[in-house]
Amino acid sequence: MGFYSCNAVLNSAFPPFVSSGSHHKRSAKIFFVEESPRRFCCKCTTTTMMMVGDKEEEGSRFNCADLNHHHITEEQEEAISRIPVKMSKRCQALMKQIICDSSFCDDMLSDWVRRMKPIRADWLSLLKELNNLDSPFYIKVAEFSLLEDSFEANPRDYTNIIHYYGKLNQIQDAEKTLVAMKNRGFLIDQVTLTAMVQSYSKAGYHRLAEDTFNDIKLLGEPLDYRSYGSMIMAYIRAGTPEKGEALLTEMYSLDICAGREVYKALLRAYSMAGDSQGSKRVFDALQIAGITPDAKLCGLLINAYSVSGQSQNARLAFENMRKAGIKATDKCVALVLSAYEREEKLNEALGFLVELEKDSIMVGKEASAVLARWFKKLGVVEEVELLLREFSSHKTL
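The shown structure was predicted, so the numbers you read here are calculated from the model rather than taken from an experiment.

**Student:** Help me understand the overall build of the chain, please; the structure alone is not making it clear to me.
**Tutor:** Broken down by element type, the chain carries 20 helices and two strands. Looking at the chain as a whole, 46% of its 397 residues are labelled buried. Accessible area for the chain stands at about 21,000 Å²; split by element, carbon and sulfur atoms hold 53% of it.

**Student:** Honestly, the confidence of the model for the chain in this entry has me stumped. Any pointers?
**Tutor:** The predicted coordinates ought not to be read in detail in places where the model reports low pLDDT. The predicted model of the chain has a mean per-residue pLDDT of 83, with 78% of residues at 70 or higher. The low-confidence segment residues 13–69, where pLDDT is below 50, has 114 contacts with residues more than four positions distant or belonging to other chains.

**Student:** So what exactly am I meant to see when it comes to the nonpolar core here?
**Tutor:** It is characteristic of soluble globular proteins that their nonpolar side chains tend to be buried jointly. Ranked by internal contacts, the top residues of the largest apolar core, which has 100 residues, are Trp112, Phe213, Leu248, Ile302, Phe318, Leu337 and Phe352. The element best represented in this core is helix H17 (residues 330–342), accounting for eight residues. Leave out the neighbours within four places in its chain, and Phe213 touches Val197, Leu223, Ser227, Tyr228, Met231 and Leu247.

**Student:** Sorry if this is basic, but what is going on with the pattern of salt bridges here?
**Tutor:** Counted under the stated rule, the structure contains 18 salt bridges. Two residues, Arg90 and Asp122, come together in a salt bridge whose shortest N-O distance is 2.8 Å. With a gap of 32 residues between them, Arg90 in helix H3 (residues 89–100) and Asp122 in helix H5 (residues 120–132) connect regions that are remote in the sequence. On the accessibility criterion, Asp122 (6% relative accessible area) is buried. Here Lys280 and Asp284 are joined by a salt bridge, their closest N and O atoms 2.9 Å apart. Of this pair, Lys280 and Asp284 both sit in helix H14 (residues 276–288), four residues apart, roughly one helical turn. Using a relative accessible area of 29% as the deciding quantity, one classes Asp284 as partly exposed. Among the ionic contacts, a cluster of salt bridges with common partners joins Arg315, Glu319, Arg322 and Asp359.

**Student:** Honestly, the packing of helix H2 (residues 74–81) against H3 in this entry has me stumped. Any pointers?
**Tutor:** If you want to describe how two helices pack, look at the angle between their axes and the distance between the axes. Where H2 contacts H3, the axes come no closer than 10 Å and their chain directions differ by 160°. Taken together, the axes of H2 and H3 lie roughly antiparallel to each other. As H2 runs across H3, the sense of the crossing is right-handed. Taking contact as the criterion, the partners of Gln76, Ala79 and Ile80 in H2 are, on H3, Lys96, Ile99 and Cys100.

**Student:** Whenever I open this one, the side chain of Glu245 confuses me. Can you help?
**Tutor:** Inspection of the secondary structure puts Glu245 in helix H12 (residues 241–253). Engagement of the side chain of Glu245 in a polar contact is seen with the side chain of Tyr270, the distance being 2.6 Å. Excluding anything up to four places from it in sequence, Glu245 contacts Leu266, Tyr270 and Arg281.

**Student:** Help me understand the packing of helix H15 (residues 295–307) against helix H16 (residues 311–323), please; the structure alone is not making it clear to me.
**Tutor:** Orientation of H15 relative to H16, taken along the N-to-C sense of each, is 165°, at an axis distance of 8 Å. Judged by the angle between their axes, H15 and H16 are roughly antiparallel. Seen along the crossing, H15 lies across H16 with a hand that is right-handed. From H15, Ala295, Cys298, Leu301, Ile302, Tyr305 and Ser306 reach across to H16, where they touch Asn313, Ala314, Ala317, Phe318 and Met321. Of the residues contributing to the contact of H15 with H16, the split by class is nine nonpolar, two polar and no charged.

**Student:** Would you mind showing me how to read the side chain of Ser276 here?
**Tutor:** Along the chain, Ser276 turns up in helix H14. Within the structure, the side chain of Ser276 is placed 2.8 Å from the side chain of Gln310, a separation counted as a polar contact.

**Student:** What's the story with H5 in this structure? I'm lost.
**Tutor:** End to end, H5 covers 18 Å across 13 residues, agreeing with the expected 18 Å (1.5 Å per residue, within 8%). Buried within H5 are the following residues: Arg120, Asp122, Trp123, Leu126, Leu127, Glu129 and Leu130. Of the surrounding elements, those touching the buried residues of H5 are H3, helix H4 (106–116), helix H6 (138–146) and helix H7 (155–167). Positive backbone phi, approximately 55°, marks Asp134, located one or two places after H5.

Reading the values: the criteria
- In this numbering scheme, every chain counts its residues from 1 along its sequence in written order.
- For this predicted model, a pLDDT threshold of at least 70 governs which residues receive local features, and a threshold of 80 or more governs which side-chain atom pairs are given and counted, while totals over whole chains, interfaces and linings are taken from all residues.
- With hydrogens and water excluded, all non-hydrogen atoms of the structure serve as input to the side-chain values.
- The helix and strand labels rest on DSSP assignments: H or I over at least four residues marks a helix, E over at least two residues marks a strand, and numbering proceeds from the N terminus.
- Type-normalised accessible area, obtained with a 1.4 Å probe on protein chains alone, sets the label of each residue: buried when under 20%, exposed when over 50%, and partly exposed for intermediate values.
- Computed with the Shrake-Rupley method and a 1.4 Å probe, the accessible areas treat only the protein chains shown as cover for residues.
- For every residue, the predictor assigns a confidence score, pLDDT, that lies between 0 and 100.
- Throughout, a residue-residue contact means that at least one pair of heavy atoms, one from each residue, lies within 4.5 Å.
- Put simply, a nonpolar core is a bunch of buried Ala, Val, Leu, Ile, Met, Phe, Trp, Tyr and Cys residues held in one set by side-chain atoms that sit within 4.5 Å of each other.
- The salt bridge definition used is simple: a Lys or Arg side-chain nitrogen within 4 Å of an Asp or Glu carboxyl oxygen.
- Where helices are involved, their axes are fitted lines through C-alpha atoms of the stretch in contact, as for all axes, and angles between N-to-C directions lie from 0 to 180°.
- Roughly parallel covers angles under 35 degrees, roughly antiparallel covers those over 145, roughly perpendicular covers 65 to 115, and oblique covers all other angles.
- Each helix crossing is assigned a hand: it is left-handed if the near helix lies turned anticlockwise from the far helix by less than a right angle, otherwise right-handed if that turn is clockwise.
- We call two N or O atoms a polar contact when they sit within 3.5 Å, provided that within protein one can donate a hydrogen and the other can accept it, with sequence-adjacent residues counted only if both atoms are side-chain atoms.
- As a working rule, the residues Ala, Val, Leu, Ile, Met, Phe, Trp, Tyr, Cys and Pro are called nonpolar, Asp, Glu, Lys and Arg charged, and the rest polar, with Gly in that last group.
- Helix span, expected: 1.5 Å multiplied by one less than the number of residues in the helix.

Structure representation (structure tokens):
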């Protein structure tokens, strides 16, 4: 099926997640293991558990019988050992069940909820730990929890699931979560729509990202730096950094500061395309915004000059970096040498190397590789061998 902008999605015929009546089917009893005074009193590999006593309450104690004589794997045992000691007993019991039972399902969660009566803090603890373990059951528990009164779901819980699906490029699932959020009476706010912009952008649906950004504007609220930043990143991924730069200018006029990563991404986009003017504008803008350039940002500016065949400006940017007290990296040295190589300015390159030697700046592996490639192209084999021997001796020392 195709994808649509968020307004279209919310007005579409997606079936709501909430069905009439009871939303979870109750099945046969499935019991869970509660930790005994010994850390691990049993091997929780069997899917059949035996409960001691008839009381179905939070304080009930559980024991398990290894009916199938299976044993947990070392990987499962390691995962169990990492369960936080401060986690509540009811959550520890469920975590062990999730780790040990590959057939874990909604019915087991339903039974756990009925017996243990968790509160929101328990759910959040579970989700945090499952996320830390990168468990495939994270999303199952997250979606299940949204339907539970004890979870006390709020809009941010839905937004977190949208982010999760967005990272996996599962756009249909993200859209269904958005529809379910509306159907359950939650307002679709700027934070949620920003998550959709990010999801669309990452998955390559740049037009949908732009349409959703326009939906954010229709909310009538001032846009924050996250919404602007998400759309700028979308424009960068779409190969239109100039539109991203226009948004950056709009942010500046509204006294909204973009994050360092946004400036860096925009600078990289211009740099890789060899757009030296665009790179210089962004480089100047980030300094005006109070961001102190580092060697990586300077390297992107040098690369823009190098790719566009402006070795003189590449060298000037390198010298300005050093004057600003930023340590010259081997990457930056290599970029200047590459600029000279593109224009076949061997004498200038040698003069540059002499200046580096005077300032006790050693030529590293990456810069040496540029020189070796250049010398081979010129057919100067002996000089290449000498260069490599000198580099090896310096590396040994």
